[in-house]
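If you want the building blocks of each chain, they are given just below.
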Amino acid sequence: MSRNAKINTLLLLVVVALAVLPLALGLGDHKEEPFAGADAEAETAITELRPDYEPWFAPLYEPPSGEVESALFALQAALGAGVLAYYFGVRRGRRQGEARAEARVRAEGGVRTAGPAGAAPGPGAAPVPPPPGDA
């Protein structure tokens, strides 16, 4: 087993332990809602400490139920994960495309003359000729 596989297995076991241990140890059994979110816990604490407290802002949209709120949160998380995956995929694809183009130029016996996105040519690179028709 490679070093990366061992690290990945260990991380997976830690994540499983973090998910299972609170359930197995009965943490939160004394509460009405044992796994309520931090927002609900903070609201309860503020109401107990200062019953006359008025929030500074009101929510723009109040979901009709907890299930709808959870679904919207899951949708937000999925969209965020999709944006991140797209970004990293594009980055990897560009890097692979540049490597393939450079390998093709080397195979043809040429010299790479320009870097990515208008970067200056590397040391010892041949100058880039002007496009046809320019003086």
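Look up: the structure comes first, before these words.
Just so it is clear, the model here is predicted, and its values are computed rather than measured. (Residues numbered from 1 in each chain as written. Predicted model: local features only at pLDDT ≥ 70, side-chain atom pairs only at ≥ 80, totals over all residues. Heavy atoms only, no water.)

Let's shift gears to the overall build of the protein chain. A tally of helices and strands in the protein chain yields three helices and zero strands. Along its sequence from the N terminus, the protein chain presents helices and strands in the succession α-α-α. Looking at the protein chain as a whole, 1% of its 135 residues qualify as buried. By element, 64% of the accessible surface of the protein chain is carried by carbon and sulfur atoms, the whole surface being about 12,300 Å². (Helix = DSSP H or I, 4+ residues; strand = E, 2+ residues; numbered from the N terminus. Buried < 20%, exposed > 50% of the residue type's maximum accessible area, 1.4 Å probe, protein only. Areas by Shrake-Rupley, 256 points an atom, 1.4 Å probe, with all protein chains shown as cover.)

Time to look at a nonpolar patch on the surface. Taken together, the side chains of L60, Y61, V68, L72, L75 and L79 make up a nonpolar region of the molecular surface, amounting to roughly 660 Å² of accessible area. Tracing the backbone shows L72 in helix α3 (residues 66-107). (Patch = residues over 30% accessible without salt bridge, like charges linked within 9 Å, V, L, I, M, F, W, Y side chains within 5 Å. Salt bridge = Lys/Arg side-chain N within 4 Å of Asp/Glu carboxyl O.)

A few words now on helix α1 (residues 3-24). Residues spaced three or four apart along an α-helix point in a common direction, a consequence of the helix completing one turn every 3.6 residues. Its 22 residues give α1 an end-to-end C-alpha distance of 31 Å, which sits within 8% of 32 Å, the value for a rise of 1.5 Å per residue. L18 marks the point of greatest bend in α1, at about 25 degrees, and the proline P22 comes within the next four residues. Within α1, only zero of the 22 residues are buried, which leaves the element largely exposed. Once α1 finishes, G26 follows within two positions and takes phi at roughly 75 degrees, a positive value. (Expected span 1.5 Å × (residues − 1). Bend = angle between axes of the 7 residues up to and from the residue.)

Counting across every chain of the model gives one aromatic pair. The interplanar angle of 65 degrees and the centroid separation of 5.2 Å between the aromatic rings of Y87 and F88 together place this pair among those described as edge-to-face. Classification of F88 by relative accessible area gives partly exposed; the value is 47%. (Phe/Tyr/Trp six-rings, centres within 6.5 Å; stacked < 30°, edge-to-face > 60°.)

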